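Residues per chain are reported as follows:
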Amino acid sequence: MPVDVTTLDEGDPLNWVQTNCARCGSSDSKVCFEGPDRLEGLPGNFRFVECTTCGTFRQDPRLPWESLAKFYPENYTAYDYIAAENKNIIADKIRNRGNRKRRRAIEQYQPGGRLLEVGCGTGAFIQELLKAGNWTVEGIEPGEKAALHVRNSLNIPVIHGLFEEADLESGAYDAIVMWCVLEHLENPVKSLQKSYSLLKNGGWLFFSIPNYECLEAKIFGEFWAGWDLPRHMYVFPRPVLLQVLDEIGFRNIKTRCISTSYHMLGHSLDFWSQSWAEKHPGLKSLLDKAYWSWPARLALFLPLAVLDRLKLSSNITYFVQKPPA
């Protein structure tokens, strides 16, 4: 049954799709929790369930793309047009630290070649790759304005559409990257299978996802930013995902936390504080200001770096290879 029939925009009702588990196909599940859109504050109530057959977490029911697209507004966090056009060198270096770490991490396995970024947003990671000079880059982005922005500003081919529906050449890519994308897809297992078919023999897939085993998920529970209803369709326990990757045929499977989770922790704190903000708005405002201050950033740098090393940060990156011929 639908969780909520709230309308958006011009009164269009939210449409709902019942889902089976993308991992095992089972419809058997138990409800974990229900909640609102805590990130964008748009109307609706949504539900995460756990598959009682394999342990995968999914939204059920979920919104099809024609309804879900409304939950990715132009000011969505991945669409940073101002930052993308920022010409301040110092500010750019600070903002782009995570992208530099990602590029250096993937170049340890694949030093260059033809690369596809799925969910390229406004092109921040693509810009970092172009600076390196050893990549031929393409992108896919479901947001029309963001796709047009990357195409026009960086002069690279970008498909506006969904990865699942894109017509792409098999065996054509040396590398595919998905930074915080897989959890947004309607069927992440099929998307991983498609990625495998698009890679050359010996090519690499690099992707980051919410880390269900992280300390933050245990502390914040349903307020953990890794759930991000209704945009996140799936959350995989690590043993389940490792088994999926192995069954598809990927080898040399490695995992790392390659950037500290300061922003994601900030979202989790915000989601949690929303639960009591109406009664204590001043306290929430004080918490927000304190957390996003430079002293807080400096104080949390080392603890978050330790969590990275222990693979207990909120995001974890997978490095997986299609075997050489």
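Residues numbered from 1 in each chain as written. Predicted model: local features only at pLDDT ≥ 70, side-chain atom pairs only at ≥ 80, totals over all residues. Heavy atoms only, no water.

A. Main features of the sheet that holds strand β12 (residues 251–256). With respect to topology, seven strands assemble into an open sheet ordered β8-β7-β6-β9-β10-β13-β12, the strand pairing being mixed. For this open sheet the edge positions go to β8 (158–160) and β12, each flanked by a neighbour on one side alone. Ignoring strand direction, the axes of neighbouring strands in this sheet form an average angle of 15°. Of the strands in this sheet, β6 (113–118), β7 (135–141) and β9 (173–179) are in contact with helix α5 (residues 124–132), which crosses β7 at around 170°. Here helix α6 (residues 144–154) sits on the sheet in contact with β7 and β8, set at roughly 160° to β8. (Pairing = 2+ DSSP bridges. Helix = DSSP H or I, 4+ residues; strand = E, 2+ residues; numbered from the N terminus. Axes fitted to C-alpha atoms, helices over the stretch in contact; angles between N-to-C directions. Contact = heavy atoms within 4.5 Å.)

B. Geometry of the pattern of salt bridges. According to the stated counting rule, one finds 18 salt bridges in the structure shown. The closest approach of N and O atoms between R23 and E247, which form a salt bridge, is 3.0 Å. Placement of the pair is R23 in the loop between β2 (12–13) and β3 (29–35) and E247 in helix α9 (residues 238–248), with a sequence separation of 224 residues. Between E169 and R114 there is a salt bridge, and its shortest N-O distance comes to 3.6 Å. A residue pair is termed long-range when its members are at least 10 positions apart, and E169 in the loop between β8 and β9 and R114 in strand β6 qualify at 55 residues. Given the relative accessible area of 24%, R114 is considered partly exposed. Via salt bridges that share partners, D37, D228 and R231 belong to a single interconnected network. (Salt bridge = Lys/Arg side-chain N within 4 Å of Asp/Glu carboxyl O. Buried < 20%, exposed > 50% of the residue type's maximum accessible area, 1.4 Å probe, protein only.)

C. Broad picture of the environment of R23. On the accessibility criterion, R23 (19% relative accessible area) is buried. Sequence-wise, R23 and V235 are 212 residues apart; in three dimensions their C-alpha atoms are separated by 11 Å. Looking at R23, its side chain comes within polar contact range of the side chain of E247, at 3.0 Å. (Polar contact = N/O pair within 3.5 Å; in protein donor to acceptor, adjacent residues only side chain to side chain.)

D. Region of interest: the sheet that holds strand β4 (residues 46–51). Taken in spatial order, the four strands make up an open sheet running β3-β4-β5-β11, and their pairing is antiparallel. The open sheet is flanked by β3 and β11 (234–235), the only strands paired with a single partner. As paired strands, β4 and strand β5 (residues 57–59) are joined by three bridges and run antiparallel to one another. When the bridges of β5 are listed, E50 appears paired with F57.

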